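# Overview (structure and organization)
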Amino acid sequence: MFRTYRVADFRDFAEFHKDASRLDPLLPFISEKILAESLHRPKFIPDKDLFLAEIDGKIVGSMSVYPELEIGRVLLEILVHPQQRGKRIALSLLPLAMARAREMEAKRVQVSSQERNLAANRLLSREGFTVVRRFFELRLDLERGTPFPCTTAGAMMFRNLIPGEEGMLASLQNRCFGGTWGFNPNTREDILHRVSLSNSSYEQIILGLQSKKPSGYCWITINSEENAARKKETGRLHMLGVVPECRRQGIGKALVETALHWLKQKKIRLVELTVDSENHAALALYRSIGFRVLYPLLWYEKAVT
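Residues numbered from 1 in each chain as written. Predicted model: local features only at pLDDT ≥ 70, side-chain atom pairs only at ≥ 80, totals over all residues. Heavy atoms only, no water.

## So, the overall build of the protein chain
- The number of helices and strands found in the protein chain is 10 helices and 12 strands.
- Scaling as 2.2 N^0.38, a compact globule of 305 residues should have a C-alpha radius of gyration of about 19 Å, and the protein chain matches this with 20 Å.
- Dimensions of the protein chain along its principal axes, counting C-alpha atoms only, are 60 × 40 × 35 Å.
- Considering only residue pairs separated by 6 or more positions, the protein chain has 71% of its internal contacts joining residues 24 or more positions apart. (Helix = DSSP H or I, 4+ residues; strand = E, 2+ residues; numbered from the N terminus. Rg over C-alpha atoms; globule rule 2.2 N^0.38 Å. Contact = heavy atoms within 4.5 Å.)

## Considerations on the pattern of salt bridges
- According to the stated counting rule, one finds 24 salt bridges in the structure shown.
- For Arg22, the salt bridge is made with Asp19, and the minimal N-O distance between the two is 2.5 Å. Taken as a pair, Arg22 and Asp19 lie in helix H1 (residues 10-23) at a separation of three residues, close to a single helical turn.
- Ionic pairing is found between Glu233 and Arg269, a salt bridge with its closest N-O pair at 3.7 Å. Residue Glu233 is located in the loop between helix H8 (224-230) and strand S10 (234-242), and its partner Arg269 is located in the loop between helix H9 (251-265) and strand S11 (270-276); the two are separated by 36 residues in the primary sequence.
- Classification of Glu233 by relative accessible area gives partly exposed; the value is 40%. (Salt bridge = Lys/Arg side-chain N within 4 Å of Asp/Glu carboxyl O. Buried < 20%, exposed > 50% of the residue type's maximum accessible area, 1.4 Å probe, protein only.)

## A few points about the pairing of S10
- Counting buried residues in S10 gives seven out of nine residues, a clear majority hidden from the surface.
- Note: strand S9 (residues 213-221) against S10, six bridges, orientation antiparallel. Note that in S10 the partner of Tyr217 across the bridge is Gly241.
- Where S10 and S11 come together, three bridges link them in parallel fashion. Its bridge partner lying in S11, Gly235 is registered against Val271. (Pairing = 2+ DSSP bridges.)

## Focus: the packing of helix H6 (residues 166-177) against helix H7 (residues 188-195)
- Running from amino to carboxyl end, H6 crosses H7 at an angle of 110°, the nearest separation of the two axes being 8 Å. In terms of axis orientation, H6 runs roughly perpendicular to H7. For the pair H6 and H7, contact is made by Glu166, Gly167, Leu169, Ala170 and Gln173 and by Arg188, Ile191, Leu192 and Arg194, respectively.
- Tallied by class, residues from the contact of H6 with H7 come to four nonpolar, two polar and three charged. (Axes fitted to C-alpha atoms, helices over the stretch in contact; angles between N-to-C directions. Parallel < 35°, antiparallel > 145°, perpendicular 65-115°, else oblique. Nonpolar A, V, L, I, M, F, W, Y, C, P; charged D, E, K, R; others polar.)

Next up, the structure:
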């Protein structure tokens, strides 16, 4: 049975995620709290944008359609229970997701997949998706890496984001990433939602200022629930941005090193991030600090017709 999500599904949906991540450690850990937060994302309507697959009344698969219509796309998030793979569940959910994308008047559907996930990649290719971009997942071991200096960039000052500055950060973020592949312009409401998530806080958003004017930022996230459940000590550089007129001045490196110092103080050992393979300047920066590639991520796309 294939249908849209209902509010009464939440407990079963959470159990489905919990069981899937228990059986497949490569899947992200998603607690009930994190799952509830994901269902309340701005612009996302679960009873229209989330499709479920059931077998004997038990949820065995899901596919969500998240709109980023400012750049003409929707994003798919697909999960099939590890014990139910190979049963064409994702294939059966896909037409529902494509129909919803057409309702939204999206121009294209995009979805990411690890390059090593051969089954998912074969399915996407068979269904007419093509690879349009490659990203890299990087990792740094703060214990094994060489100590990083506290780089300074001119008269640079650093401080945390302050409540009430969400609009400023949205504007700064849009200036940093405007025109880059896959970036959907953010609003104050988007920032308010993201900073309120359990893996984030105002303290985890570091602003870089020159003459009291923000010129860049680094946003750190820590999934404390996953760290506790899987006995991990992992944090993430969620976003790093520098406004175009202030690049090539060492600001990005100074922001990263400030973030790494903060993470080390919080007893974080492993730091991960995702970077566009075509962003050569960012790749060079991260590699110079000691980040190494874990695996590639492929972004697939299909036109909505």
